[in-house]
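Letter by letter, the chains look like this.
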Amino acid sequence: MLTPVLETKPKTDWVALAEEVLAGKKLTKEEALTILQAPDTEVLTLLQGAYRIRSHYYGNKVKLNMIINAKSGLCPEDCGYCSQSIVSTAPIEKYPQLSKDVLVDGASKAKEAKAGTYCIVMSGRRPTDKEVDNVIEAVREIKEQHNMKICACLGLITPEQAVRLKEAGVDRFNHNINTSASNHANITSTHTYDDRIATLNAVKEAGMSPCSGVILGMGESDEEIVEMAYALYEIDADSIPVNFLNAIPGTPLGSMKKIGAMKCLKALALFRYINPTKEIRISGGREVNLRHLQPMGLYAANSIFVGDYLTTDGQKTQWDHEMIEDLGFEIEECAFDSGPPVLHQ
């Protein structure tokens, strides 16, 4: 009796696909899905392809970003992932906006950590004009003291506030899409996906660099992750933070399971293949989701946060510096672009 031959799906040549991306190819959604659904045994070659793209534009340089939580808790929004939301019972520190002097001092600490970008982040739906005034005063003083990029993340802002922030010296504004348009209503009900897009449009119109990313691990499907990657491509976000849910007890998503380190690596590769020229940043939750595979993520990404996050701890900055050194990579202490991404053959 003849044994039936089982058909096996041919392996994708990830490096060849990377070369096609470098030649200008835009992946189809079917090709993008194959990245997320690749066998774990292909992760090394998948990352080899992602690294081919990353190294072409960024060499072995790694950008460091540092956050200051400029206003904690007290938020009227109901985002299911967030310990600062009105529906969260997580025991976090809550305080109004920090003073200008504290914000300025935080920039000096970021500089000491070799961070080229300092991120001023506030909780809340939208900032008041008085809060914007305080950020503006801090940014002006920081710019006088340090040659560093300033990113603000203040919630939904008006076009007028965006212009004022730009004129004060804010280089970049972060407003994450967080999830796909199709999944957004499952994560929050107090604002819409379109509200977030409107803020990003105001940021771009004011001349600030748009920063927008995602949080993975909130129950989304692979198709929705692909949707997110393409949405950020269409938004033309210059910087894309890829967060992995750090499920916090007391939040609606506090019981979610981790998506697994291998899936995290595939997701980082996906965002690199779809957004080849952009700054891809491994962000919140990397320590608890990627765990010991964190260094491998930098073969796809070219940026990380150092220090603590908003209400959760990061790992020691020294460990991040050592991780980068052990990879043979180099910290890019000046975050300002000297022009288009440098092409490395």
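Per an unreviewed UniProt entry, the protein goes by the name Biotin synthase and belongs to Aneurinibacillus danicus. Regarding the protein, the UniProt comment filed under Subunit (unreviewed entry) reads as follows: "Homodimer." Under the UniProt heading Catalytic activity (unreviewed entry), the entry covering the protein gives this text: "(4R,5S)-dethiobiotin + (sulfur carrier)-SH + 2 reduced [2Fe-2S]-[ferredoxin] + 2 S-adenosyl-L-methionine = (sulfur carrier)-H + biotin + 2 5'-deoxyadenosine + 2 L-methionine + 2 oxidized [2Fe-2S]-[ferredoxin]".

## Some words on the nonpolar core
The biggest cluster of nonpolar side chains holds 92 residues, and the ones touching the most others in it are Y118, L165, I177, L270, F271 and Y273. Tallying contributions element by element places helix α9 (residues 261-274) first for this core, with nine residues. In contact with L270, other than residues within four places in its own chain, are A32, I35, L36, I225, V226 and A229. C82, I187, I215 and M218 belong to the second-largest nonpolar core, a separate cluster that totals eight residues.

## Considerations on unusual backbone geometry
Positive phi, normally seen in glycine, also occurs at L74, with a value near 60°. Secondary-structure assignment places L74 in the loop between β1 (61-71) and α4 (100-112). One non-glycine residue, N178, lies in positive phi territory at about 70°. If you trace the backbone, N178 turns up in the loop between β4 (172-174) and α7 (193-206). Look at N178 and you get buried, because its relative accessible area is 6%.

## What about the side chain of E42?
Among the structural elements, E42 can be located in the loop between α2 (29-36) and α3 (43-58). The side chain of E42 is buried and forms no salt bridge, while K11, the nearest opposite charge, is found at 5.2 Å. Those residues within four positions of E42 in sequence are excluded, and the remaining contacts are K11, T12 and W14.

What counts and what doesn't
Residues numbered from 1 in each chain as written. Predicted model: local features only at pLDDT ≥ 70, side-chain atom pairs only at ≥ 80, totals over all residues. Heavy atoms only, no water. UniProt positions renumbered as here; feature names shortened; annotations may be inferred. Core = buried A, V, L, I, M, F, W, Y, C linked by side-chain atoms within 4.5 Å. Buried < 20%, exposed > 50% of the residue type's maximum accessible area, 1.4 Å probe, protein only. Helix = DSSP H or I, 4+ residues; strand = E, 2+ residues; numbered from the N terminus. Contact = heavy atoms within 4.5 Å. Lys, Arg positive; Asp, Glu negative; His and termini not counted. Salt bridge = Lys/Arg side-chain N within 4 Å of Asp/Glu carboxyl O.

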